[in-house]
Amino acid sequence: MRFLSLLLFLLFSQNPLQAQSLSIENISANIQSSLHTHIKGQNKAIVQNLYAQTGNKPLWIGKQNKKKMSRLVRALNDPLFNYKNKSFDQKSIKRLFFLLDNGEISAAKQAAVYARLDVILSNSFVRLIRFIVQGDVDWKLVQKKFKALKESDDVKVNWEMSFKSFPNQKQLNAAAINGNIYAYLSSLLPMEERYRKLVTLLKNYRVMDKFPKIKYSNTPLKLGNSSSHVKEVKKRLQISGDYPKNAPVNSKFDETLKRAVITYQKRYLLKVDGKVDKTMAYYLNQPAKKNIQAIITNLDKTKLYPKRFENEHVEVNIPDFNLRYYRNGSKIMKMGIVIGRLDRPTPLFHDTIEYMVVNPTWTIPDNLIKRDLIHVVRDNPMYLEENNIHVFSGKKEIQVTQDMLDPYEKSEKRVPYRFVQFPGDNNALGRIKFMFPNKYAVYLHDTDNKTLLTRRYKLYSSGCMRVDKPFELMDILLENSKKSYSRSDIEKIIETNKPKTIRLRRSVPVHMLYFTVYEEDGLAYFKNDVYLYDTIIEESVAGNKKSTFTIPKNRMISVKKNAQPLSN
């Protein structure tokens, strides 16, 4: 960077473009020629249009453009915009600077070289903009791999992706001509608050020292222990910021270290007990480059989203197993959720919560009847009665037999009967569901099995999201209801054991997301790539593309053990 700054100084102080051979007219003529010979591909028309606004006059070279060029060169190297350290033709730019500064270009060719330099800088500007807005992930390839998982592993992935077009060129032209480079580029940042935090994390992890190795032991390190291994743990946690920089790095396992261990365990979704066991040692021994790659992949994902979400909205972050409610930029609620199983992932999409249902019924979807219910009823003929599930043919309730169901288990035809679980304490949806009608038939709801919310990996539903504190979520949403309801009103409704719909005066946007890295309350959190989406994205990036994806045999949790019949 200092080298480029020096070149800029020398270039503009020694070559003010006063000689006839370096007149603006001469350079402009060469710019027109350079646009045809040196710019190709999807950016050509954009760069040509940019120069059409200036009459092919140089945008970056010349004394009058010195500050503007300096801003552009700085932006090309700024991790805020170029977090992957992409070249964007900076080698060519440096080389041309060097040749001009050292007098290695003859007077007859200087105008052409200056023109070429100006055009390359413009093209680099456009390339940087394209990277900020669209990134370098082949999202069509990602979707192709998602689709292939249905055939190879019977995993149906639904992720509604929004691809961005190149931004309005009038604003681009204005930024290049007027020189407000940083303000313009900053205006393009996606999910800006999250994005900036991720870039800060990336900077921090890129300068971290090499992590010391932590010895594996069958006996966990805990409060009161004293050994050289404790000292190594302190060093390691000090590097990642969990253990205070000014705290003593000695062999005593003290309260300060215990707090640091607990902080680390929370950040990585480990068992929170303040002890360093084999599992934690494994995580501590992972290289910083793994964190760096995870941060980069999550930055890549921001390209799919707008600059910010609505003033009031709900975010469901799937690999984090948490729901957050935001209002006016502040988080007003956070609670745990159970998400879709590994073989039945929760869809990723956007919608709006329109109403709530107290004492909901559950109409079992056709795919779950075939995949789960027919088999369960075969094993336990009393299952329907025991779980308050009623069967209907049209509007008429009927008694169904196994012979009536068997033909549909492997059939593509819809099962011609409705299976409805009536309201009650054992209803799969619990006592309340939050509705945002969608083609995936998934929603947020209470659960009859609260113990699942205490598990480390909460992957037990067939796609819906079970919330930990449904009535707290309901209380917030009731602020938007058409009628006023107190908690006692809701309790009276529950006692009736009859479904009651409560419509919202103003619907609340809800976003299902997949971010495995985030910063919250001053701490960096790293979550497991439970659905392997990050891995698929990493293998679909320019320079690291793999045409196909295969689910590894060994995963962090067994698909079989994860499976539970008839889970919603």
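Below, the structure is looked at part by part. (Residues numbered from 1 in each chain as written. Predicted model: local features only at pLDDT ≥ 70, side-chain atom pairs only at ≥ 80, totals over all residues. Heavy atoms only, no water.)

1. Describing the pattern of salt bridges
Rules: Between Lys or Arg on one side and Asp or Glu on the other, a salt bridge is scored when a side-chain nitrogen of the former is within 4 Å of a carboxyl oxygen of the latter. Strands are runs of DSSP state E lasting at least two residues, helices are runs of H or I lasting at least four, and both sets are numbered from the N terminus onward. When a residue's accessible area, from a 1.4 Å probe over protein chains only, is under 20% of the maximum for its type it is buried; when over 50% it is exposed; and in between it is partly exposed.
Enumeration according to the criterion identifies 35 salt bridges in this entry. Note that K84 and D300 form a salt bridge whose closest N and O atoms lie 2.9 Å from each other. Of the two residues, K84 is situated in the loop between α4 (66-77) and α5 (90-101) and D300 in helix α14 (residues 288-301); the sequence distance between them amounts to 216 residues. A relative accessible area of 2% means that D300 is categorised as buried. A salt bridge links R127 to D89; the shortest N-O distance between them is 3.2 Å. Taken together, the positions of R127 in helix α6 (residues 107-134) and D89 in the loop between α4 and α5 put the pair 38 residues apart, joining distant regions of the chain. Residue D89 is classed as partly exposed on the basis of its relative accessible area, which comes to 26%.

2. Some details on the packing of helix α11 (residues 228-239) against helix α12 (residues 255-267)
The relative placement of two packed helices comes down to the angle between their axes together with the axis-to-axis distance. Filter applied, for reference: To obtain each axis, a line is fitted to C-alpha atoms, and for helices this fit is confined to the stretch in contact; angles are then taken between N-to-C directions over 0 to 180 degrees. Here roughly perpendicular refers to angles of 65 to 115 degrees, roughly parallel to angles under 35, roughly antiparallel to angles over 145, and oblique to all remaining angles. Note on convention: the crossing is left-handed when the near helix lies turned anticlockwise from the far helix by less than a right angle, right-handed when the turn is clockwise. In what follows, residue pairs with any heavy atoms lying within 4.5 Å of each other are defined as contacts. Nonpolar residues are Ala, Val, Leu, Ile, Met, Phe, Trp, Tyr, Cys and Pro. Charged residues are Asp, Glu, Lys and Arg, and all others, Gly as well, are polar.
Running from N to C, α11 and α12 cross one another at 55°; their axes reach a closest spacing of 11 Å. Of the possible angle classes, the one that applies to α11 and α12 is oblique. Crossing hand, α11 versus α12: left-handed. Here V230, V233, K234, R236 and L237 of α11 come into contact with α12, specifically with L257, A260, V261 and Y264. Among the residues forming the contact of α11 with α12, the class breakdown is 7 nonpolar, no polar and 2 charged.

3. Let's talk about the pairing of strand β2 (residues 322-327)
To keep it simple, the criterion reads: Two strands are said to pair when DSSP picks up at least two bridges between them.
Summarising burial for β2: 5 of the 6 residues are buried, a large majority. Both strand β1 (residues 312-317) and β2 contribute to a ladder of 6 bridges, which runs antiparallel. Looking at the pairing, E312 lines up with R327 of β2. In this structure, the hairpin formed by β1 and β2 is closed by a connection of 4 residues, where F321 is found at a positive phi of approximately 55°. The antiparallel hairpin formed by β2 and strand β3 (residues 330-340) contains 2 residues in its connecting segment, where N328 sits at a positive phi of about 55°.

4. Digging into α11
Cut-off, in case you're wondering: Expected helix span is computed as 1.5 Å times (number of residues minus one).
Here α11 contains 12 residues, and its C-alpha end-to-end distance of 17 Å stays within 8% of the 16 Å for a straight helix at 1.5 Å per residue. Buried residues of α11: V230, V233, K234, R236, L237, Q238 and I239, and no others. Considering only its buried residues, α11 is in contact with α12 and α13 (278-284). Note on α11: the residue one or two positions beyond its end, G241, has a positive phi of about 90°.

Any link to function would need more than the numbers given here.
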